[in-house]
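Remarks on the overall topology
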Amino acid sequence: MRWQSQTLDADDGALPGLDRAGFVRTVQTPEFDGITFHEVLCKSALNKMPEGANLPFHWTINPMRGCSHACRYCFARGTHEYLELDAGRDFDSQIVVKTNIAAVLRKELGRRSWHQEPVALGTNTDPYQRAEGRYRLMPGIIRALTDSGTPFSILTKGTLLRRDLPLLTLAARQIRVSVAVSIAILDIDLHRSLETGTPSPTARLDMVRALADAGFDVNVMVAPVIPYLTDSKAHLDELFGEIAAAGAASAIAFPMHLRGSTRGWFLGWLAEAHPALLRRYRQLYGRGAYVTPEYSTWLRERTRPLLQQHGLTREQPPQPQAPPQRPHPTDEQLSLFA
């Protein structure tokens, strides 16, 4: 693979492509059976969002690329193809780790040109996936953001965040810190089939409770809602009820997108697990990445009263829009809402 021959004096450490990163070594350990870590030295930590993204942040941080959560529906899968790795099992098991990201971030945040704009983590791959337990990148990132006076947000499915709860609590006394947890499925069998590497829904609800007890206004992303599998009124009502009981301040829900290589990876699973749904999915998604406008409207009308009933309403984020075509791969973060 082309990145294996890279040198440490490359001119840029930003993703995509390790052809502009400092490759250090490849690591496999018994504690992470089936996972290979590719350690790199990056020269850039902050990623600028594209103009017109219409999101409450303009900067993001990606400590890693690839994700052992192995969610079948993950929209970031296609980014692995820029490394000449596949968007399926390679994305789940070949994890690129920017081992020096905290030091690089601190340097970038210290520049006179930096104006403490909000920074988001978890908009692409999860910063609290299992690899964080080995590399411990987040404490340094949190300290660098806090010391520079930069507000930040974290979105995660990883209960490893609880390790850093004391540090996040201290940070929140100095700057604005927002924490969101992703919980889309309650059914344990469906969870194990679709999100094989993630903590259980119960463990994530416990994390919501711990964050709320620590004083955070926790938002829960009920995303993606998977058509015909998790969009029933009974499932959503039960899920919203559990989220409210855990102490979340708000929740939002929106349907699954099947962009690029994610489409084939998910539909391959669907053909094995729920073949009767394939025809309905072809009708619902057509040849694109997004559900029909009719389904989006139907889902909003279904979730709105349930969210109100459980006291989980807040101002909704911008609705997903099809992304513009770009001529070449870039290091732009894929937004959760894109």
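To be clear, the structure that these remarks concern was listed above.
What comes next concerns the included structure. These numbers come from a predicted model, not from an experiment.

Time to look at the overall build of the chain. Assigned secondary structure in the chain consists of 11 helices and 11 strands. Residues counted as buried form 56% of the 338 residues belonging to the chain. In the chain, once contacts between residues fewer than 6 apart in sequence are set aside, the share between residues at least 24 apart is 75%. When the accessible surface of the chain is split by element, carbon and sulfur atoms take 49% of a total near 15,000 Å².

Tallied over the entire structure, the rule returns zero disulfides. The thiol sulfur of C71 is not disulfide-bonded, and the nearest other cysteine sulfur, from C74, lies at 6.4 Å. Among the residues examined, C71 registers a relative accessible area of 6% and is labelled buried.

A few words now on the pattern of salt bridges. Under the criterion given, the structure shown has eight salt bridges. Between R163 and E132 there is a salt bridge, with the nearest N and O atoms lying 2.7 Å from each other. Placement of R163 in the loop between β8 (152-156) and α5 (165-172) and of E132 in helix α3 (residues 131-135) is noted, with a sequence separation of 31 residues between them. On the basis of relative accessible area, E132 is assigned to the buried category, the value being 0%. Between R204 and E195 there is a salt bridge, with its nearest N and O atoms 2.9 Å apart.

The topology assignment puts H69 in the loop between β5 (64-65) and α1 (89-93). Given a relative accessible area of 4%, H69 falls into the buried group. Among the polar contacts listed, one links the side chain of H69 to the side chain of D126, at a separation of 3.0 Å. Apart from residues no more than four positions distant in its own chain, H69 is found in contact with D126, Y128, Q129, K157, G158, E195, T196, G197, T198 and P199.

Bringing the nonpolar core into the picture now. Judged by nonpolar contacts, the single largest core of 88 residues is most densely connected at F152, V222, F266 and Y281. Discounting residues that sit within four places of it in the chain, V222 has contacts with I183, A184, L236, L239, F240, I243, A251, I252, A253 and F254.

On to the environment of H191. Note on placement: H191 falls in helix α6 (residues 188-194). In the structure, H191 is positioned 120 residues away from C71 in sequence and 9.2 Å away in space, judged by C-alpha atoms. Beyond its immediate chain neighbours, meaning those up to four positions away, H191 contacts I185, T196, T198, P199, S200, P201 and R204.

Another point: the sheet that holds strand β2 (residues 36-41). On the basis of which strands lie adjacent, the open sheet formed by four strands has the order β1-β2-β6-β5 and mixed pairing. Looking along the sheet, the strands with just one partner apiece sit at the ends: β1 (22-27) and β5. Across five bridges, β1 lies against β2 in antiparallel orientation. Each residue of the ladder has a partner; that of F23, found in β2, is V40.

Once that is clear, we can look at the sheet that holds strand β3 (residues 46-48). The strand order β3-β4-β7-β8-β9-β10-β11 describes an open sheet built from seven strands, whose pairing is mixed. Single-partner strands in this sheet number two, and they are β3 and β11 (250-255). Sheet twist, expressed as the mean angle between neighbouring strand axes with direction ignored, is 25°.

Relative to the 18 Å expected for 13 residues at 1.5 Å per residue, helix α9 (residues 261-273) spans 19 Å between its end C-alpha atoms, a close match to the ideal helical length. In this fold, the buried residues of α9 make contact with α1, α6 and α10 (278-285).

Time to look at unusual backbone geometry. In this structure, the amide linkage connecting A223 to the following residue, P224, adopts the cis form with an omega of 0°. Relative to the elements of secondary structure, P224 occurs in strand β10 (residues 219-225). Even without glycine at this site, A70 takes up a positive phi of about 60°. The residue A70 is located in the loop between β5 and α1 in this model. Backbone geometry places E84, a non-glycine residue, at a positive phi of 60°. By the element assignment, E84 lies in the loop between β5 and α1.

Structurally, G268 is set in helix α9. Here G268 falls in the partly exposed class, since its relative accessible area comes to 33%. Each C-alpha atom of the pair G268 and L278 lies 9.6 Å from the other, and the pair is 10 residues apart in sequence.

What counts, and at which threshold
Residues numbered from 1 in each chain as written. Predicted model: local features only at pLDDT ≥ 70, side-chain atom pairs only at ≥ 80, totals over all residues. Heavy atoms only, no water. Helix = DSSP H or I, 4+ residues; strand = E, 2+ residues; numbered from the N terminus. Buried < 20%, exposed > 50% of the residue type's maximum accessible area, 1.4 Å probe, protein only. Contact = heavy atoms within 4.5 Å. Areas by Shrake-Rupley, 256 points an atom, 1.4 Å probe, with all protein chains shown as cover. Disulfide = S-S within 2.5 Å. Salt bridge = Lys/Arg side-chain N within 4 Å of Asp/Glu carboxyl O. Polar contact = N/O pair within 3.5 Å; in protein donor to acceptor, adjacent residues only side chain to side chain. Core = buried A, V, L, I, M, F, W, Y, C linked by side-chain atoms within 4.5 Å. Pairing = 2+ DSSP bridges. Axes fitted to C-alpha atoms, helices over the stretch in contact; angles between N-to-C directions. Expected span 1.5 Å × (residues − 1).

Fair warning: the whole summary comes from geometry, so function is off the table for now.
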